[in-house]
Amino acid sequence: ALFGKTLKLPRWEVDEIETPARDVLSVEILDPSGCPRYAARYMDGVTIAKSPFPMRRRLFQSGVRAINNVVDITNYVMLELGQPLHAFDATLIEGSGIVVRTAKEGESFVTLDSVERRLSRGDLLICDRARPVALAGIMGGENSEVLPTTTSVVLESAYFNPGCIRRTSRSLGLSTEASYRFERGVDPGMQVTAADRAACLMVRHAGARVYRGAIDVNHLEAGPKTVGLRASALSGVLGIGSTDPAEVRRIFEGLGCRIEDAQGGWNVSIPTHRHD
C-alpha cells in the first residue's frame, strides 16, 4: 500500500485422485467455541526426504529449522499464507477419525518435544477415536508425528479461538510458531486454501497422492465486512484539512479492500485476512 504495489499471491492447482477424502477420514468438532473450523486433507504415496534447497534456505532465513519435506511444507505455507498447519502420520490415527474436544482436568499428554504435559479442563485437544494426538494450535503429539517411514498423511488446517490458545499456551509455558499466530487471530477464511496449497507442494516435493476434496467442518460465518468511512472523520483523525479521494482509494485497494463511493465518504469491504 505504501509503495503502490499489488500483492502477488502464489497460484496453484491440486492434482487429486478420484477417491474422496471422506471415504477414509472423518472430522468431528465437539467444542465449536474453541475450534469453530477444522479442515483436513488426506494423502498417501508420500516419500519422506529433504526439502528442495530453495525451500530450506527460505525457512532458515525466516528462523525456522528444516526437518523433512512434509513438515517443511507445513511451515513454508504458514509463513507464506499466515495459516499454521500440522501433519499427522495417517497410520497412527486410530479409527480414521479426527475429534476436537476439551481436555479433562488432570489429563496428560506427551508433546513432540517428549515432555508430558498435565492439562486443565478447557484445554483444547485434537484426538483420534482413541486418544489425544495434538495440543490444539500449539504442538503435535509424539504418538502421531511424521517419521522417516511415513507414507500417508492427514493434514490439519484449523481456526482456533485466540483466547483458548493463549490461555493454554501461558498455563503450560509453551509458545510455538503456531500458537504465536493463533493467539493473535488467523484468517478465518484461509483454512481450505492453505490446505490446498500445502497439498499441491506435497504432490510436487513428496510424491503425494491427494484424495479428492478437503473435509471442512465449519461453524463460522466468515466473510468480508463493510465499514462506512466519512471523509470528515478521516480528515479529523489524520489532522489534515482534506484528503485526496484517489489516494484513499489507492491505499485501501493496496490493502486488499474493495472501496465504493458513498454519501460523504466511502464504503469499504474488508477481506477476512484483515481482521485487524
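Since we're looking at a predicted model, the values are computed, not measured.

(A) Structural context of helix H2 (residues 69-81). Across its 13 residues, H2 extends 18 Å between first and last C-alpha, which sits within 8% of the 18 Å expected from 1.5 Å per residue. Within the span of H2, buried status applies to Asn69, Val70, Asp72, Ile73, Thr74, Asn75, Tyr76, Val77, Met78 and Leu81. Where H2 is buried, its residues contact helix H1 (53-61), strand E4 (86-89), strand E11 (153-159), helix H4 (177-184) and helix H5 (191-206). With a side-chain oxygen positioned 3.1 Å from the backbone nitrogen of Val70, the residue opening H2 is Asn68. Immediately downstream of H2, the backbone of Gly82 shows phi near 85 degrees, a positive value.

(B) Focus on the sheet that holds strand E2 (residues 26-29). Taken together, five strands build an open sheet; the order of strands is E2-E5-E8-E9-E10 and the sheet is mixed. The open sheet is flanked by E2 and strand E10 (139-140), the only strands paired with a single partner. Here strand E5 (residues 97-102) pairs with strand E8 (residues 124-127) via four bridges, running antiparallel. Considered in E8, the bridge of Val100 is made with Ile126.

(C) Focus on the pairing of E4. Burial of E4 is two-sided: the residues His86 and Phe88 facing one way and the residues Ala87 and Asp89 facing the other way are all buried. Sheet topology note: the E4/E11 ladder contains four bridges and is antiparallel. Within E11, the residue paired with Ala87 across the bridge is Leu155.

(D) Highlighting the sheet that holds strand E14 (residues 225-230). Taken in spatial order, the three strands of this open sheet run E14-E16-E15, and their pairing is antiparallel. Each having just a single partner strand, E14 and strand E15 (258-262) make up the two edges of the open sheet. For this sheet the average axis-to-axis angle between neighbouring strands, irrespective of direction, equals 25 degrees. Relative to strand E16 (residues 265-270), E15 runs antiparallel, the two being bridged by five bridges. Looking across to E16, one finds that Ile259 is bridged to Val268. Helix-sheet contacts for helix H6 (residues 231-238) involve E14 and E16, and the interaxial angle to E14 is about 75 degrees. Contacts between helix H7 (residues 245-254) and the sheet are confined to E14, E15 and E16, with E15 contributing the most and set at about 150 degrees to the helix.

(E) Spotlight on the pattern of salt bridges. Taken as a whole, this structure holds 15 salt bridges when the rule is applied. Residue Asp44 pairs with Arg209 through a salt bridge whose shortest N-O separation is 2.8 Å. Taken together, the residues Asp44 in strand E3 (residues 37-44) and Arg209 in strand E12 (residues 209-212) connect sequence positions 165 residues apart. According to the relative accessible area criterion, Asp44 is buried, its value standing at 14%. Its relative accessible area of 40% is what places Arg209 among the partly exposed residues. When the shortest N-O distance is used, the salt bridge between Glu94 and Arg131 registers 3.6 Å. One end of the pair, Glu94, is in the loop between E4 and E5; the other, Arg131, is in the loop between E8 and strand E9 (132-135), with 37 residues separating them in the sequence.

About the cut-offs
Residues numbered from 1 in each chain as written. Predicted model: local features only at pLDDT ≥ 70, side-chain atom pairs only at ≥ 80, totals over all residues. Heavy atoms only, no water. Helix = DSSP H or I, 4+ residues; strand = E, 2+ residues; numbered from the N terminus. Expected span 1.5 Å × (residues − 1). Buried < 20%, exposed > 50% of the residue type's maximum accessible area, 1.4 Å probe, protein only. Contact = heavy atoms within 4.5 Å. Polar contact = N/O pair within 3.5 Å; in protein donor to acceptor, adjacent residues only side chain to side chain. Pairing = 2+ DSSP bridges. Axes fitted to C-alpha atoms, helices over the stretch in contact; angles between N-to-C directions. Salt bridge = Lys/Arg side-chain N within 4 Å of Asp/Glu carboxyl O.

Read these as geometric descriptors, not functional statements.
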